[in-house]
Amino acid sequence: MQYNSLLYLLVFLPVVLLLYQLLPQRHRWKILLGASYVFFFLLSRKLIVYLLLSTVCMHYIGLWLERCDRVLAGQKDAQNYHALKTAADRKRRRILWLGILWQLGTLLLLKYFNFFSHNADALLAKLSLPAFLPTLKMAVPVGISFFTLQAISYMVDVYKKKMPTDENLGRLALYMAFFPAIMEGPICRYGETAMSLYEGKPLTYQNMSFGIQRMIWGLFKKVVLADRLSPLVVLIFTKYTQYSGVTVLLGAICYTLQLYADFSGCIDISIGAAEMFGVRLPENFRQPFFSRTASEFWRRWHITLGAWFKDYIFYPLSLTKGIKRLGKKARLKFGRHIGPVVQTIIPLLAVWLSNGVWHGAGWNYIFFGLYYFVLILTGNLLEPLLAKTYTTLHVNRNGVFLRVVQTLKMAVIIVTGELFFNAHGLKAGFLMLRSIFTNFSLTVFRDGSLLQLGLSAKDFAVVFIGCLIMLAVSIIHEKGVHIRQSVAQWHTVPRWCFYYAAILLVLIFGAYGSGYTPVDPLYANF
Amino acid sequence: MNQLLEILEDINPDNDYLAETKLIDRGLLDSLSLLTLVSEMEDAFDVEITPTDLIPANFNSAVAMWSMIQRLQAENK
């Protein structure tokens, strides 16, 4: 049962909404929790045990941390309070690490053990040594990469005393399993979402209306654009050796659009579904293709993942004693700009390696992470030089010309990154990139072979118009206009015409039914 | 407090540090500025700022930063 399936949209979600509204407010969270576990069970069957174990683990780690604090608070008047506090701090740190190791250990074992064993065995074979690491047959529960990060953020936030321990196991379980966000996120923080999930707000006209509109917009992106592009992308990335460089480039551009439309579309469906229950999930995209630098791109693309890595890897590593010492030395030696950049090298490397590995067990994902590490580090290092150059040349940094040039530069960077991201291995990625430059021929647009890539002329036309609509909506959002609020103020007739037109657009132009293969949400595999 | 304001002005003079209460939430201090700020605060006020202290609530305004510094100084005594 996917978020864009009829079963989910026309049966599961309406039944949950109905039951939710029928129950008294204090019991509504139980419906959400029950529905979330049913949803997860339908997707992952017995693998639900991993979600349960992860939830119980974070619950007990939270309780244990709280007990340490209580014990220490009772000893406040003791003469050796400082020694007791030091011991308690050490104990709390060990408890936190135990929880993190449990959560990360499960993820690493399920997702990455075989990748590690294959590479270790291949290395041993090169050294003429016998392979000894087995290949394990393990099924991976859906959403584990997402709920593991949510569990770790809860434990770290409790450890940091950013919020108190939650003794309510049901509330924690709902935070971990909430069905609209379990497959692809957005990655939530306990402090921002748990209470509103538990609150059981009544359904309101505005929440229902806004939620449905957001879901229709998500369905448009997913079903009309992303799924329609899927056959072309699959064909070119699988048989890239048979195509010219231009076709490979077209494949990379189409994959970038497909990934954005698919992932952001599913996130819209998730946020819209949550909105109907009065729950605000964090935004995950903010017009990423308008970015002017690589670091800005990651502040606009998969925002919740980037924020997680910043808060739980980048800053903690940057503030370790060794790295701070390195930063101070670098500041003395290289000055006030380069110094802090040097301080960030190791934390940035850790963030981008984690980002690559988080997306999947493959060298192309690791390369993808390192690609952005190099781009962002270089951007940070060159910033003073660029600023000086712009001043000398009297170039307005916020002028239209520079903005367009930087956005186009980012388009090239993004498409290149996504080419490696979706390539069938790192070697395939390099071969595809090489073919763009060495096998460049425009005949694909003249000899009719463009229409033999899995998309008809009508498909291309729908994709083109769909992209224009997506661009127009992005421009409106970038200007800070809230489309749904604006539409809500329209007169009844044009407003309902707009709603019906949006629904009909998805129904008529959606790539579903006979002749189309259903495409699972792309990020559910990560 | 004046010394803290001087440090902040030195790092990024574009912000109104006496009035702004969402320096982190609104992205007015980026990660590089924040790391520079932490280092300068440690040197100027003889405190140690750990990852535990690095939460938006402690850095969203100059007043919040000053409260954190005073708390850390008191803990050091």
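Overview of the structure. What you see is a predicted model, and the numbers here were worked out from it, not measured in a lab.

Describing the overall build of chain A
Line of reasoning, step 1. Along its length, chain A carries 18 helices and zero strands.
Line of reasoning, step 2. Its C-alpha radius of gyration of 25 Å places chain A within 12% of the 24 Å reference for a compact globule of 526 residues.
Line of reasoning, step 3. Residue pairs at least 24 apart in sequence account for 75% of intrachain contacts in chain A once pairs closer than 6 positions are excluded.
Line of reasoning, step 4. Total accessible area computed for chain A in this model is approximately 25,600 Å², and 68% of it derives from carbon and sulfur atoms.
Line of reasoning, step 5. Distance between charge centroids for chain A: 6 Å, based on 53 positive and 24 negative side chains.

Digging into the overall build of chain B
Line of reasoning, step 1. Looking only at helices and strands, chain B features four helices and zero strands.
Line of reasoning, step 2. Each helix (α) and strand (β) of chain B, taken in turn from the N terminus, gives the series α-α-α-α.
Line of reasoning, step 3. In terms of overall size, chain B behaves like a compact globule, its C-alpha atoms giving a radius of gyration of 11 Å where 77 residues would be expected to give roughly 11 Å.
Line of reasoning, step 4. Along the first, second and third principal axes, the C-alpha atoms of chain B reach 35 × 25 × 20 Å.
Line of reasoning, step 5. Residues classed as buried in chain B amount to 48% of the 77 residues present.

Description of the packing of aromatic side chains
All names here are of chain A.
Line of reasoning, step 1. Evaluation of the coordinates by the stated rule reveals 48 aromatic pairs over all chains.
Line of reasoning, step 2. Ring centres of F420 and F430 lie 4.9 Å apart, and the angle between their planes is 70 degrees; this geometry places the pair in the edge-to-face category. With a gap of ten residues between them, F420 in helix α14 (residues 400-422) and F430 in helix α15 (residues 426-438) connect regions that are remote in the sequence.
Line of reasoning, step 3. Take F430: its relative accessible area is 43%, and that puts it in the partly exposed class.
Line of reasoning, step 4. One cation-aromatic arrangement involves R28 over Y20; the distance from NZ or CZ to the ring centre is 5.4 Å.
Line of reasoning, step 5. Positioned over the ring face of Y198 is R171, at 4.5 Å from the centre of the ring.

Focus on the pattern of salt bridges
It is possible for side chains of opposite charge to pair when their charged atoms get near one another.
Line of reasoning, step 1. Scanning the model with the defined rule gives 24 salt bridges over all chains in all.
Line of reasoning, step 2. We note a salt bridge from E42 of chain B to K328 of chain A, for which the minimum N-O separation is 3.6 Å. One end of the pair, E42 of chain B, is in helix α2 (residues 31-45); the other, K328 of chain A, is in helix α12 (residues 321-359), on a second chain.
Line of reasoning, step 3. Using a relative accessible area of 7% as the deciding quantity, one classes E42 of chain B as buried.
Line of reasoning, step 4. The partly exposed category is assigned to K328 of chain A, whose relative accessible area is 29%.
Line of reasoning, step 5. One salt bridge in this structure joins E75 of chain B and R71 of chain B, with 3.4 Å as the shortest N-O distance. Pair noted here: E75 of chain B and R71 of chain B are both in helix α4 (residues 62-76), with a separation of four residues, about one helical turn.

A short note on the nonpolar core
Line of reasoning, step 1. Counting residues in hydrophobic clusters, the biggest one holds 167 residues, and the most contacted among them are Y8, F179 and Y372 of chain A together with L37, M41 and F59 of chain B.
Line of reasoning, step 2. In terms of residue count, helix α9 (residues 245-276) of chain A provides more of this core than any other element does, 16 residues in total.
Line of reasoning, step 3. Residue assignment places this core across two domains, with domain 1 (6-202) and domain 2 (210-285 + 423-525) of chain A each supplying three or more.
Line of reasoning, step 4. Not counting chain neighbours up to four residues away, the residues in contact with F59 of chain B comprise L23, I24, L34, L37, V38, M41, I49, D53, L54, M65 and M68 of chain B.

Concerning the environment of E167 of chain A
Line of reasoning, step 1. Here E167 of chain A shows up in the loop between α5 (144-159) and α6 (169-177).
Line of reasoning, step 2. For the pair formed by E167 of chain A and E66 of chain A, sequence separation is 101 residues and the distance between their alpha carbons is 9.6 Å.

Side note on the interface of chain B and chain A
Line of reasoning, step 1. Contacts between chain B and chain A engage 21 residues on the former and 19 residues on the latter.
Line of reasoning, step 2. Linking chain B with chain A are three salt bridges, by the criterion used here.
Line of reasoning, step 3. In this structure, the connection of chain B to chain A is made through five residue pairs in polar contact (both at pLDDT 80 or more).
Line of reasoning, step 4. Looking at the side of chain B that touches chain A, the elements that each hand over two or more residues are α1 (2-11) and α2 of chain B.
Line of reasoning, step 5. Of the residues belonging to the side of chain B that touches chain A, the class tally is nine nonpolar, five polar and seven charged.

Here we look at helix α16 (residues 457-478) of chain A
Since the α-helix turns once every 3.6 residues, residues separated by three or four places project in the same direction.
All names here are of chain A.
Line of reasoning, step 1. In this model, α16 (22 residues) spans 31 Å end to end at C-alpha, consistent with the 32 Å of a helix rising 1.5 Å per residue.
Line of reasoning, step 2. All of the buried residues along α16 are D459, V462, V463, G466, C467, M470, V473 and S474. Taken end-on, α16 shows its buried residues confined to a sector of 135 degrees, consistent with a single buried face. Exposed side chains of α16 directed beyond 90 degrees from the buried face belong to K458 and F464.
Line of reasoning, step 3. Those residues of α16 hidden inside the fold are in contact with α8 (205-238), α9, α17 (483-488) and α18 (492-509).

Re the packing of helix α11 (residues 303-318) of chain A against α2 of chain B
Line of reasoning, step 1. Close contact between α11 of chain A and α2 of chain B brings their axes to 11 Å; oriented N to C, the two are set at 35 degrees. Seen along the crossing, α11 of chain A lies across α2 of chain B with a hand that is right-handed. Residue-level inspection shows F314, Y315 and S318 of chain A of α11 of chain A in contact with α2 of chain B, the latter providing S31, L34 and L35 of chain B.
Line of reasoning, step 2. The class makeup of the residues in the contact of α11 of chain A with α2 of chain B is four nonpolar, two polar and no charged.

Structural notes on unusual backbone geometry
All names here are of chain A.
Line of reasoning, step 1. Cis geometry marks the peptide bond from G185 to P186; its omega dihedral reads 10 degrees.
Line of reasoning, step 2. One can find P186 in the loop between α6 and α7 (190-199).
Line of reasoning, step 3. Although it is not a glycine, S128 adopts a positive phi angle of roughly 60 degrees.
Line of reasoning, step 4. With respect to the helices, strands and loops of the structure, S128 is situated in the loop between α4 (81-126) and α5.
Line of reasoning, step 5. Not every positive phi belongs to a glycine, and K161 is a case in point at roughly 60 degrees.

How each quantity is defined
- Residues numbered from 1 in each chain as written.
- Chains lettered and ligands numbered in written order.
- Predicted model: local features only at pLDDT ≥ 70, side-chain atom pairs only at ≥ 80, totals over all residues.
- Heavy atoms only, no water.
- Helix = DSSP H or I, 4+ residues; strand = E, 2+ residues; numbered from the N terminus.
- Rg over C-alpha atoms; globule rule 2.2 N^0.38 Å.
- Contact = heavy atoms within 4.5 Å.
- Areas by Shrake-Rupley, 256 points an atom, 1.4 Å probe, with all protein chains shown as cover.
- Lys, Arg positive; Asp, Glu negative; His and termini not counted.
- Charge placed at Lys NZ, Arg CZ, Asp CG, Glu CD.
- Buried < 20%, exposed > 50% of the residue type's maximum accessible area, 1.4 Å probe, protein only.
- Phe/Tyr/Trp six-rings, centres within 6.5 Å; stacked < 30°, edge-to-face > 60°.
- Lys NZ or Arg CZ within 6 Å of the ring centre and 35° of its normal.
- Salt bridge = Lys/Arg side-chain N within 4 Å of Asp/Glu carboxyl O.
- Core = buried A, V, L, I, M, F, W, Y, C linked by side-chain atoms within 4.5 Å.
- Domains from an automatic or database assignment.
- Polar contact = N/O pair within 3.5 Å; in protein donor to acceptor, adjacent residues only side chain to side chain.
- Nonpolar A, V, L, I, M, F, W, Y, C, P; charged D, E, K, R; others polar.
- Expected span 1.5 Å × (residues − 1).
- Arc of directions from axis to C-beta.
- Axes fitted to C-alpha atoms, helices over the stretch in contact; angles between N-to-C directions.
- Left-handed = near helix turned anticlockwise from the far one by under 90°.

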